[in-house]
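Coordinates in review
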Amino acid sequence: MTKRGIAVIVVIVITGILAVSGVFKRHTPPAPEPVVLTQQEQETPPIPLALDPGHGGRDPGGVVGDVLEKDVNLEIANRLAELVDAQSGLKAILTRTSDVTVDNRLRLQLAEGAGAVLYVSVHTNSYSDPSVHGAETLVDDTCAEDDPSWKLAELVQKELIAATGARDRGVKKQALYLDQTELPAVSAEVGFITSTDEKDKLLDPTYQDKIARGLLQGILDYLHTTGQLKEQV
Ligand SMILES: [Zn+2]
């Protein structure tokens with residue numbers, strides 16, 4: 001027998017002994033330590049809500065003298081974002097926080113990318129007749145009857161009117177850009193900057209706060225109906 005042959009036999013014998021003695025048995029990993037979550041970790045992560053101040057930058061929206069819709073929208077949406085962030089379990093995702101141009105498609109992408117569960121766009125309305133006033137909530141005219149956007153619109157509109165006392169112009173459908181998202185999405189037209197009565201209110205921080213509170217309550221109502229937010233006991 002050659003030296004090489006002997007070496008092969010030795011290796012086979014040793015391997016056999018070790019196999020029998022259990023050295024090659026697969027070690028079962030030790031049971032994992034029980035994970036102890038801190039109070040903070042036990043809380044579910046906040047639900048992201050997309051809040052969209054309509055227009056911005058190169059797009060002023062409605063213009064009445066030196067009043068630009070984009071500015072009013074931003075003030076109201078910023079206030080709404082503060083109220084949302086003050087709620088435990090909710091987190092505001094603003095599509096813009098300053099006077100910048102943001103493409104509508106990008107707004108929706110921002111919302112979806114942040115994992116938002118709904119999308120509320122904030123606008124102020126304009127019309128040639130200064131006597132026309134009130135608030136309305138719009139859904140995209142492509143929305144099917146069973147689209148949750150209708151429920152969101154209905155509740156936002158109801159609470160917006162309850163909080164402000166504005167004339168109820170109802171929920172309407174309109175060709176918007178909101179057909180480009182699967183999210184429940186509405187556009188709240190919170191009042192007319194072209195209205196002689198309503199313009200001053202829309203610029204008043206106290207009235208803006210009422211609008212924001214109404215929008216928040218509508219959103220909360222919606223999240224309760226969908227079960228995404230548990231009723232406070
Ligand atoms: Zn607008």
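In what follows, the accompanying structure is described. What you are looking at is a predicted structure, and each value in this text was computed from that prediction instead of being measured.

Some thoughts on the overall build of the chain
Regarding its fold elements, the chain presents 7 helices and 8 strands. Counting only residues that meet the buried cut, the chain has 42% of its 233 residues in that class. Within the chain, contacts between residues separated by at least 24 positions form 77% of all contacts whose residues are at least 6 apart in sequence. Here the chain displays about 13,300 Å² of accessible surface, and carbon together with sulfur accounts for 55% of that area.

Re the packing of helix α6 (residues 196-203) against helix α7 (residues 205-226)
For the pair α6 and α7, the least separation of the axes is 5 Å and the interaxial angle reads 85°. By the criterion of interaxial angle, the relationship of α6 to α7 is roughly perpendicular. Contacts between α6 and α7 involve E198, K201, L202 and L203 from the former and P205, Y207, Q208 and I211 from the latter. Class assignment for the residues of the contact of α6 with α7 results in 5 nonpolar, 1 polar and 2 charged.

Describing the environment of T164
One can find T164 in helix α5 (residues 148-164). For T164, a relative accessible area of 13% translates into the label buried. At a separation of 3.1 Å, a polar atom in the side chain of T164 contacts the main-chain amide nitrogen of A166.

Section: the coordination of the zinc ion
Coordination sphere of the zinc ion, protein contribution only: H55 (NE2), E69 (OE) and H123 (ND1), at 2.1 Å. Within one chain, the residues serving as donors to the zinc ion are arranged as H-x13-E-x53-H. With H55 in the loop between β1 (47-53) and β2 (63-64) and H123 in strand β5 (residues 119-125), the pair connects residues that are 68 residues apart, well separated along the chain. For the pair shown, H55 and H123 are each scored as buried.

Section: the pattern of salt bridges
This structure, assessed with the given rule, holds 9 salt bridges. Among the ionic pairs, E136 bridges to K172, the shortest N-O distance being 3.0 Å. Remark: K172 occurs in strand β7 (residues 168-174) and E136 occurs in strand β6 (residues 135-140); sequence separation between them is 36 residues. Note on K172: relative accessible area 31%, which makes it partly exposed. As a salt-bridge pair, R213 and D209 come within 2.8 Å of each other at their nearest N and O atoms. Within this pair, R213 and its partner D209 are both found in helix α7, separated by 4 residues, close to a single helical turn. Accessibility expressed as a relative area gives 17% for D209, which makes it buried.

The rules behind the values
Residues numbered from 1 in each chain as written. Predicted model: local features only at pLDDT ≥ 70, side-chain atom pairs only at ≥ 80, totals over all residues. Heavy atoms only, no water. Helix = DSSP H or I, 4+ residues; strand = E, 2+ residues; numbered from the N terminus. Buried < 20%, exposed > 50% of the residue type's maximum accessible area, 1.4 Å probe, protein only. Contact = heavy atoms within 4.5 Å. Areas by Shrake-Rupley, 256 points an atom, 1.4 Å probe, with all protein chains shown as cover. Axes fitted to C-alpha atoms, helices over the stretch in contact; angles between N-to-C directions. Parallel < 35°, antiparallel > 145°, perpendicular 65-115°, else oblique. Nonpolar A, V, L, I, M, F, W, Y, C, P; charged D, E, K, R; others polar. Polar contact = N/O pair within 3.5 Å; in protein donor to acceptor, adjacent residues only side chain to side chain. Donors = N, O, S within 2.8 Å, 3.2 Å for Na, K, Ca; no water. Salt bridge = Lys/Arg side-chain N within 4 Å of Asp/Glu carboxyl O.

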